[in-house]
Amino acid sequence: ADQLVCDLAKGTHHEHHPPLRAQSMTSNVALYSALANDMGFEQVFSSQMDLFGRPGDVLIAISSSGQSTNILKAVSAARDLGMTVIGLSGFSGGRLRHEAHISLHVPVDNYGVVEDAHQSIMHVIAQYTAALRDRG
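First things first, this report covers the structure right here in the doc. (Residues numbered from 1 in each chain as written. Predicted model: local features only at pLDDT ≥ 70, side-chain atom pairs only at ≥ 80, totals over all residues. Heavy atoms only, no water.)

1. Some points on helix α1 (residues 2–9)
For an α-helix, 3.6 residues make a turn, and residues three or four places apart therefore share a direction. By the burial criterion, the buried members of α1 are Leu-4, Val-5, Asp-7 and Leu-8. Along the axis of α1, the buried positions cluster into a sector of 165 degrees, meaning they face one direction only. If you follow the buried residues of α1, they end up packed against β1 (58–63) and α6 (111–134). (Buried < 20%, exposed > 50% of the residue type's maximum accessible area, 1.4 Å probe, protein only. Helix = DSSP H or I, 4+ residues; strand = E, 2+ residues; numbered from the N terminus. Arc of directions from axis to C-beta. Contact = heavy atoms within 4.5 Å.)

Given below as structure tokens:
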């Protein structure tokens, strides 16, 4: 996810467009640790939705199983804020497959393959976004 943030923030930069506001919910270790300690690990991402999310934003939620409680709580918080949710899941897709506005599901029962596919999908998202911005 951190590489996707880099690709979206820097890799899609275009002089005729404002920069994209992209943020990882795991890279600020101090905040992540404080929220996990004070709110509980299940709230670590939904709390960040409350802090940083705005209507019209996009949350890209990644869960191989589609069942990660902390991810699903972030999805719920994002939807409540009027955000669009793109969900990347594997295996059966779990709840994430159904709760995301846009579901990118990899129907494979192997964590390594699912994670590799998700990484490829994230590269495509960044490259497609950059190409759209380059067109004007």
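2. A look at the pairing of strand β3 (residues 102–105)
Inspection of the sheet shows strand β2 (residues 84–89) paired to β3 by four bridges, in the parallel sense. Within β3, the position partnered with Ser-89 by the bridge is His-105. Each parallel crossover has a hand, and the one from β2 via helix α5 (residues 94–99) to β3 is right-handed. (Pairing = 2+ DSSP bridges. Right-handed = clockwise from strand over helix to strand, strands pointing away.)

3. Some details on the environment of Glu-115
Its place among the elements puts Glu-115 in helix α6. Judged by its relative accessible area of 45%, Glu-115 is partly exposed. Sequence spacing of Glu-115 and Glu-15 is 100 residues, and the spatial spacing of their C-alpha atoms is 33 Å.

4. Comments concerning the side chain of Gln-48
One can find Gln-48 in helix α3 (residues 46–52). The class for Gln-48 is buried, based on a relative accessible area of 3%. A polar atom in the side chain of Gln-48 sits 2.9 Å from the backbone oxygen of Met-25. If we skip the residues at most four places from it in the chain, Gln-48 touches Ser-24, Met-25, Leu-31, Tyr-32, Leu-35 and Gly-53. (Polar contact = N/O pair within 3.5 Å; in protein donor to acceptor, adjacent residues only side chain to side chain.)

5. Some points on unusual backbone geometry
Phi at Phe-91 is positive, roughly 50 degrees, even though this residue is not glycine. Within the secondary structure, Phe-91 is located in the loop between β2 and α5.

6. Digging into the layout of surface pockets
In this structure, the largest pocket encloses a volume near 1000 Å³. Around the largest pocket sit 38 residues that line it, and Val-5, Gln-23, Val-58, Leu-59 and Ile-60 are the ones nearest its centre. Across the lining of the largest pocket, the residue classes tally to 21 nonpolar, 13 polar and four charged. (1 Å grid on protein atoms, 1.4 Å probe; cavity = no way out; pocket = protein on both sides within 12 Å on 5 of 7 lines; lining within 4 Å. Points joined across faces, edges and corners; volume = space filled by probe spheres on them. Nonpolar A, V, L, I, M, F, W, Y, C, P; charged D, E, K, R; others polar.)

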